[in-house]
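Results of the structural survey
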Amino acid sequence: MSVLSIPTQKSDLTSGWLNAALFKKEGDFDGPIQNVEVETIGTGVGLVGGLYRCSLRYESGVESEPSSVVVKIRSDDPKSLKVAKTFLLYQKEVAFYRDVAPSTPISVPKLHHCAFDPSSHDFVLVLEDLDRLEAPNQLTGGSEDQGRIAIRHAARLHARFWNKVNEPPLKDYFSLVAPSFTVKIHIGFHNSVAKVLDVFDQELSPVAKDLIKAFGDNLAGHYHEMAQGPRTLTHGDYRLDNMFFGYGDDPELVVIDWQTNGIGVGMADVAYFMAGSLDPSVRQSIERDAIADYHEITSSDGGGSWSLDECWRTYRHAFVAAMTVPVIAAGELSLDNERAFELVQTGIRRMNAALEQLDVKEFMPQRKSVFTPSGFQSALANQMSRFVPTGNP
């Protein structure tokens, strides 16, 4: 028998392939699944990949589970695929579910099968279907309760790995603050600035525009400075569209889409969620209490040695870095889909409000001497960006 192939398109998700993936046989084989209905899901939610729900029908007289699974494969959009390869998105997500997920204190979908091909970056994840849970709408924004729950879960995740990034399972894991990675982020951000300032001019205040310009020239150095503080496992795209909540009084939260996970600064997840996933009025009503919860959990469970005032200041500072995802998404990913465009537009609008309301201009990235580590990294990245076509980091 041949080794089970990695599907690259919807039509590859046959009953034979799913029988092999779910029941751990090599190659396609005749198993209890007799028929599969494949539905495309996740369109327009900023996904860098193909996402499908497979409803399974078993042969007569056979009772088996699961009744459905969600399958994730590589994108068929050349631009999105280029971004995924550049930032190792598929490799990192497979590594998370295979190696790190068992150690996380928050719920993630159950993994049934995974594979990654380092030569082509083809990948597949067969995951638990979470259709029993509520999937909030990023465009509508989360409720106060959902916001509080999300921040408490982020705190538990960060506390579990707080300053333990040189221990298993994170030893030698992907770093979001290593120079080799931040230079890539810098180039992607730098080459996105002009497009963002043009397309979203009406959504941005003068202060936000100045921050984006300054960050575009100094991002690598800024990340170097942030990385001198506590590091932990971060999600990297911690937002409402990547969360499923229990109904009613059930506080359950399951977090999905771990393509951008890695070792980084925990507060970046918090700032990104608070600004991007909550209406500004909701964010303002809960953020003091939510940050107090984050401080308490990371201090008690993670051993963080910082005051609440320091935690609050770090939260405000992190909004500068939290601009990274929406700006690169606006500049590098395809926004032809109407909802994808609305997602980026809404995220930038909410981020702009947070930058104004939290008065973060004191954290404006400053150009440093090239003879300092942070200044050298930014200068190098700026030079490299001259040789990378805009839109292709």
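Everything discussed here concerns the structure shown above.
In short, a report on the structure.

Parameters and conventions
Residues numbered from 1 in each chain as written. Predicted model: local features only at pLDDT ≥ 70, side-chain atom pairs only at ≥ 80, totals over all residues. Heavy atoms only, no water. Helix = DSSP H or I, 4+ residues; strand = E, 2+ residues; numbered from the N terminus. Buried < 20%, exposed > 50% of the residue type's maximum accessible area, 1.4 Å probe, protein only. Areas by Shrake-Rupley, 256 points an atom, 1.4 Å probe, with all protein chains shown as cover. Phe/Tyr/Trp six-rings, centres within 6.5 Å; stacked < 30°, edge-to-face > 60°. Lys NZ or Arg CZ within 6 Å of the ring centre and 35° of its normal. Pairing = 2+ DSSP bridges. Core = buried A, V, L, I, M, F, W, Y, C linked by side-chain atoms within 4.5 Å.

With respect to the overall build of the chain
Broken down by element type, the chain carries 13 helices and nine strands. Along the first, second and third principal axes, the C-alpha set of the chain runs to 70 × 50 × 45 Å. A burial count over the chain gives 56% of its 393 residues as buried. If you sum the accessible surface of the chain, you get close to 16800 Å²; carbon and sulfur atoms cover 49% of it.

Description of the packing of aromatic side chains
If you walk through the whole model with that rule in mind, you get 13 aromatic pairs. Aromatic side chains phenylalanine 96 and tyrosine 97 sit 5.4 Å apart centroid to centroid with 80° between the ring planes, which places their arrangement in the edge-to-face category. In this pair, the class of phenylalanine 96 matches that of tyrosine 97, namely buried. With a centroid separation of 5.5 Å and an interplanar angle of 25°, the aromatic rings of phenylalanine 200 and phenylalanine 341 are classed as stacked. Placement of the pair is phenylalanine 200 in the loop between α6 (193–199) and α7 (206–226) and phenylalanine 341 in helix α12 (residues 338–357), with a sequence separation of 141 residues. For phenylalanine 200, a relative accessible area of 1% puts it in the buried group. Relative accessible area serves as the criterion here: at 28%, phenylalanine 341 is assigned to the partly exposed category. Grouped by ring-pair contacts, the aromatic residues Phe96, Tyr97 and Trp258 constitute a single cluster. Here the basic side chain of arginine 288 rests over the ring of tryptophan 312, its NZ or CZ set 3.7 Å away from the ring centre.

Considering the environment of serine 5
On the secondary structure map, serine 5 appears in the segment before α1 (15–23). The exposure class of serine 5 is partly exposed, given its relative accessible area of 44%. Sequence separation between serine 5 and alanine 21 is 16 residues, and the spatial gap between their C-alpha atoms is 9.6 Å.

Description of the pairing of strand β3 (residues 68–73)
Among the six residues that make up β3, six are buried, leaving the element largely enclosed by the rest of the structure. Here six bridges tie strand β2 (residues 50–58) to β3, and the two strands are oriented antiparallel to one another. Residue pairing for β3: serine 55 is matched across the bridge by serine 68. Pairing between β3 and strand β5 (residues 123–128): five bridges, direction antiparallel. By the bridge assignment, valine 69 is partnered in β5 with glutamate 128.

Comments concerning the nonpolar core
Counting residues in hydrophobic clusters, the biggest one holds 98 residues, and the most contacted among them are Phe319 and Met323. Broken down by element, the residue count for this core peaks at eight residues, all from helix α10 (residues 308–322). Formed by 18 residues, the second largest nonpolar core is a distinct cluster that contains Val36, Tyr52, Leu56 and Tyr58.

Points about the pairing of β2
Note: strand β1 (residues 33–40) against β2, seven bridges, orientation antiparallel. What sits directly across from asparagine 35, in β2, is arginine 57.

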